[in-house]
Amino acid sequence: MNRFKGILLSLILSATILTSCILTDNTLGSVYIPGNQDISIKMADFDLPVTLKMADSLQTAVSASFIIGSITTNDYGTFRVGTATSITPLTDTILWGEDPVFIDMYLQIAISDKRFLSPEQEFIPQNIYAYELKAPLDTTFIYNNSITELSYLPVPVTSRNSIYMGGDSLKMHFTKEYGERFFSATIEECDSTELFINKFYGLYFRTDDIEEGLTGGRINYFNLGASEVRLTFTSTNEAGKRRDTSVALQLGEYLSLNSMRSEAGLMVTDNPKETLYYESLSGIKPHVSGSALHSLMQNWAKENSINLDNLIITKAILEFPFEYSGNYKSLDNYPGNLFPCRRVRSTKHTLYTPIEEIYDSFMSKGSLNRSLLSYKPDIGLYLQDLIKKESSELTDEDDLWIMQTISYTNNTTNVTTHYPDFTHYNVAKFNGTGCKRNPKLRIVYTLLK
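A quick note: this is a predicted structure, and the numbers were derived from the prediction, not measured. (Residues numbered from 1 in each chain as written. Predicted model: local features only at pLDDT ≥ 70, side-chain atom pairs only at ≥ 80, totals over all residues. Heavy atoms only, no water.)

A sheet is described by the order of its strands in space; here four strands give the open sequence E1-E23-E15-E18, paired in antiparallel fashion. Looking at strand neighbours, the two that pair on one side only are strand E1 (41–47) and strand E18 (374–375), the edges of this open sheet. Pairing geometry for E1 and strand E23 (residues 440–447), over seven bridges, is antiparallel. Looking at the pairing, Lys42 lines up with Tyr445 of E23. Sitting on the sheet, helix H5 (residues 290–303) touches E1, strand E15 (311–321) and E23, and the angle it makes with E23 is about 50°. (Pairing = 2+ DSSP bridges. Helix = DSSP H or I, 4+ residues; strand = E, 2+ residues; numbered from the N terminus. Contact = heavy atoms within 4.5 Å. Axes fitted to C-alpha atoms, helices over the stretch in contact; angles between N-to-C directions.)

Following the criterion strictly, the structure yields 18 salt bridges and no others. In this structure, the salt-bridge partner of Asp47 is Lys440, at a minimum N-O distance of 2.8 Å. Highlighted residues: Asp47 in strand E1 and Lys440 in strand E23, separated in sequence by 393 residues. When its relative accessible area of 18% is taken as the criterion, Lys440 is described as buried. Between Lys315 and Asp378 there is a salt bridge, with the nearest N and O atoms lying 3.0 Å from each other. (Salt bridge = Lys/Arg side-chain N within 4 Å of Asp/Glu carboxyl O. Buried < 20%, exposed > 50% of the residue type's maximum accessible area, 1.4 Å probe, protein only.)

Taken in spatial order, the five strands line up as E2-E14-E19-E16-E17 in an open sheet, and their pairing is antiparallel. Bordering the open sheet on either side are strand E2 (50–54) and strand E17 (350–354), each of which pairs with just one other strand. Ignoring strand direction, the axes of neighbouring strands in this sheet form an average angle of 40°.

With respect to the helices and strands, the residue His418 is situated in strand E21 (residues 416–420). The exposure class of His418 is buried, given its relative accessible area of 13%. Among residues more than four places away in sequence, those in contact with His418 are Pro354, Ile358, Tyr359, Lys365, Ile406 and Ser407.

Here it is in structure tokens:
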């Protein structure tokens, strides 16, 4: 056996030395395959018909995210985010006692993350304000635009400006007038979340923009699970003794909703020749019309005498290239991935959801490629389904919104679900449709005969 291996190795080495180059013949053996069974793999590239649109009605109702901040840039204008939360008792029973007198009420909450586009903005001072909502939060409040300035009273319920300097936690004190209102809560209302939130509607938190004429700012991510609202007071207890005591309340246990506004709407265009702008969350996004993509494939098939019924797409990617600015740190502001999402409507809600390829471990989820300077998400299954449709069947739910995604794994079921990212703020610029390295659709396909 060893002698045989030695002879075989000698033959391979001899063939390598005698051959100066190797030609690959993809048709080798095809003469032995009947014409009606010949399957050839081919490739085709297309200029991607991409536009820029705002991602409005983004679902931002979550239970553990408390985001406050503002960032102003020359390209995108000002992006603002605030949070509306319910406020409810931490315990079922609260005994106020006789003649309760307000001492103090404050919120202490820990920071979990911060987002800023330049290092000098990390510790800038920001005034944080809290306002009373005009109506109770419910499950109809799920979008980034569900809360407006008309949703809360105009006067803050913070006793003085609460300044956050970017440290480990934020502490805010509430006014005496606001704290005293809770003394009117009955035992029944304290025992029932429904009754309580219909009497105490909740709070909206926001911050000031950076000084007019300047750029910068910071978005702060606070941990609702590490928050405490404490109301301290003095009252007479059942034993007839006057004593100082306190009760704990909690934010967001019933509902927490992030409110987001972007000024990037002025960049909406159907013909972004020079630059594709990307602002995460509810900001401006690359957008691909399903109808335009369908027409692109139909025209290509007609020009090449291809029957789309016989076309099998083995791989399809969207490619969004960008140029290196010369500053490697600028890529830190780029999204970690970009993936096509569809905007789907039900009878009650409108939701953005990633296309099914994201659940296939063999397909690209569009991660940032720093060496190739591009994002390349897979859309093979989506495109195969799209070309099967008649033009009359297409709706705007076939459109693709290019968004950063996040995933959540349920520890109990071990099932991972992917969502559009409704938390992290990123900005990026990609090459426009008129650039030399322009956005592309690239497909690998075969034709059944």
